[in-house]
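Given next are the chains, with one letter for each unit.
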Amino acid sequence: MTTLREKQIGALKQMLNLNQPESKVIAPEPVWKVLIYDRYGQDIISPLISVKELREMGITLHVQLHSARDPIPDVPAVYFCMPSDENLVRIGQDLQKNIYDVYHLNFISPLSRQRLEDLATAALQANCVANIHKVFDQYLNFISLEDDLFILRHQNSDAISYYAINRGKIKDTEMEAIMDSIVDSLFSVFATLGTVPIIRCPRGNAAEMVAEKLDKKLRENLRDTRNSLFLMDSTQAGNFSFQRPLLIVLDRNVDMATPLHHTWTYQALAHDVLDLSLNRVIVEETATSKSPSGRARSKNRACDLDHSDRFWAMHKGSPFPTVAEAIQEELEEYRSSEDDVKRLKASMGIDNESDAAFSLMTDNTAKLTSAVNSLPQLMEKKRLIDMHTTIATGILNAIKLRRLDTLFEYEEKILAGGALEKPLMEILSDPEAGTPEDKMRLFLIYYICTDSVPEVELDRYALTLEGAGCDLQAFSYIKRWKSYAKMASAPSQYSGGGTKTVSMFSKLVSKGSSFVMEGVKNLVVKRHNLPVTRIVDQLMESRGCDDYRYFDPKQLRATEPTRSKTVANEAIVFIVGGGNYIEYQNLVDYAKNKSGATTGPGSRRVVYGSSTLNNSKQFLEQLSLLGNEMSEKS
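Residues numbered from 1 in each chain as written. Predicted model: local features only at pLDDT ≥ 70, side-chain atom pairs only at ≥ 80, totals over all residues. Heavy atoms only, no water.

The next thing to look at is the sheet that holds strand 7 (residues 149-151). Pairing within the open sheet is mixed, and its seven strands lie in the order 6-7-16-15-9-8-14. A strand with exactly one partner marks an edge of an open sheet, and here the two such strands are strand 6 (143-146) and strand 14 (549-551). With strand direction ignored, the average angle separating the axes of adjacent strands in the sheet is 20°. Pairing of strand 6 with strand 7 involves three bridges; the strand directions are antiparallel. Residue pairing across strands places Glu-146 opposite Leu-149, the latter belonging to strand 7. (Pairing = 2+ DSSP bridges. Helix = DSSP H or I, 4+ residues; strand = E, 2+ residues; numbered from the N terminus. Axes fitted to C-alpha atoms, helices over the stretch in contact; angles between N-to-C directions.)

An order of 2-1-3-4-5 is seen for the five strands of this open sheet, with the pairing classed as parallel. Across the chains shown, the open sheet's two edge strands, defined by having one partner strand only, are strand 2 (59-64) and strand 5 (132-137). Averaged over all neighbouring strand pairs, the angle between strand axes comes to 20°, with direction disregarded. Here strand 1 (residues 33-37) pairs with strand 2 via five bridges, running parallel. By the bridge assignment for strand 2, Val-34 is matched with Leu-61. Contacting strand 1, strand 2, strand 3 (72-81) and strand 4 (100-107), helix 1 (residues 4-16) runs over the sheet at an angle of about 155° to strand 3. Relative to strand 4, helix 4 (residues 85-97) is tilted by about 165°, and along the sheet it contacts strand 3, strand 4 and strand 5. (Contact = heavy atoms within 4.5 Å.)

For an α-helix the count is 3.6 residues per turn, leaving residues at separations of three or four pointing the same way. Over its 15 residues, helix 22 (residues 581-595) extends 21 Å from the first C-alpha to the last, a length consistent with the 21 Å expected when each residue adds 1.5 Å. For helix 22, a buried count of 11 out of 15 residues is recorded, marking the element as mostly surrounded by other parts of the structure. Taken residue by residue, helix 22 has Tyr-581, Ile-582, Glu-583, Tyr-584, Gln-585, Asn-586, Leu-587, Val-588, Tyr-590, Ala-591 and Ser-595 as its buried positions. Against strand 6, strand 7, helix 10 (266-274), helix 21 (531-540), strand 15 (570-576) and strand 16 (605-610) lie the buried residues of helix 22. Where helix 22 starts, the residue carrying a side-chain oxygen 3.2 Å from the main-chain nitrogen of Ile-582 turns out to be Asn-580. (Expected span 1.5 Å × (residues − 1). Buried < 20%, exposed > 50% of the residue type's maximum accessible area, 1.4 Å probe, protein only. Polar contact = N/O pair within 3.5 Å; in protein donor to acceptor, adjacent residues only side chain to side chain.)

As structure tokens, this is what we get:
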């Protein structure tokens, strides 16, 4: 079945093909064109289509809408931007200056009637109505990062963050605007999928507001038969399965420990330690040469972790030591291939006069031809090995510097309710164990997962944390959050989990390895379901979570819609207030586990979406801002 990511790529390629379906026959010479996007458009396109692919589609130039641009005659211009007033004013200026001959205007979100009239007025005043060939609403207001992962926003994501939704001073109108913005993007997701979901959500929080508004928006669109985005013709109908997906909308407050958790898998570590964003990570590399002042030079290297990278696809969810071993194996495999080519080259230098040399020569020529043909793949393999070595080295340095393996192991024990080898106070007061921020994360997880901590003990912890240089504002907020969560219901129980330490791979401890892993624990994580995954499992299996609300936009509004009790094979989980790679990976593992060897019908598919992806540092900052706001009030 086609994934959300593939459908979004298909929609973008059709747009770049001047809104004509791509022909399946051998492509003729592409029409050369210019792409003009705003920051939102750039965020949507960049993780999906490379510059090379853009060029193949005839995009000779791609520029920001609000940059200084020179007129380019005789070339169609494809615009891809949000329908904001600021953007429409700039498009009006382009029309006035007659920068391009032909305009194809594509809006990420639907253009309102009023703004469409403003655009028409601007075109009339510039006397170039005939130059505007198409105006399209694309319904692409979300960012696909993986086949089963999407976020709503990267630019200006603070506007729909956990802090924005939970701050005390928020006005009703501001809350409505945030919810409308989230619903607009979620509607785009289902318009792109071409399917109407059944919606489930808990009661009494932001998730319920989103679910209600989305249900209303989908109903209105289905009722408008002339303009409905979900009524397909027979050619499209073949692409969809008959079972509708389950959309599970959850609030970030359902689990506050996981976003603060130190992690041990490759992708989540890249996000936590190296700020992975939009599938790109910037790593600081220390060069071998020194600067004139005698200090080691360091330069930043941008690494794109995309879908086509086989190593990344295979290992993004693996524990870090496994990744380090796999990189080492790939490197050894590459070296042996390189040696084969070198040996062949050397054997070609035999004395050509002899018959033996001649027969050897013909045999080796075939081998060398095949070796030369495989050189581009070898070069690409070397590039990827170098890139992953750089990323893994950056992560390894952080693990050693901040003792992330110890913190991860300790937090897993807290989450699993296991006995702790060392008292928490000992780790919090150890200057070697992590940064002040790491200590705060560890303490907050302990506090969230422990039923009751005596006030005297809390004061001692607070003094220790202050002594370690921690900002206690986040703790003030979590304290209030916990008292509310207790009133509403018992906090979600974390079960399973934990780790076991196995001996380090001999390959990595040997001196020939690129990674010096001494002192780093080789932790294997026990398979367990996080709170979000457990809720998803109950709802997909139609057992438990009976108090969750049920919306079916396709049913005529009755007092209570009739509930389908069938087991759902496809779910889209959406977290209002920000998600993280730890939950995403846990859901990926859950879906694999449930599907077993089956693929196709009957296999489980879970897509994870969130308003944005926060790493623990960003989430802690938001909690601190909320705590700060509370202290200002009091």
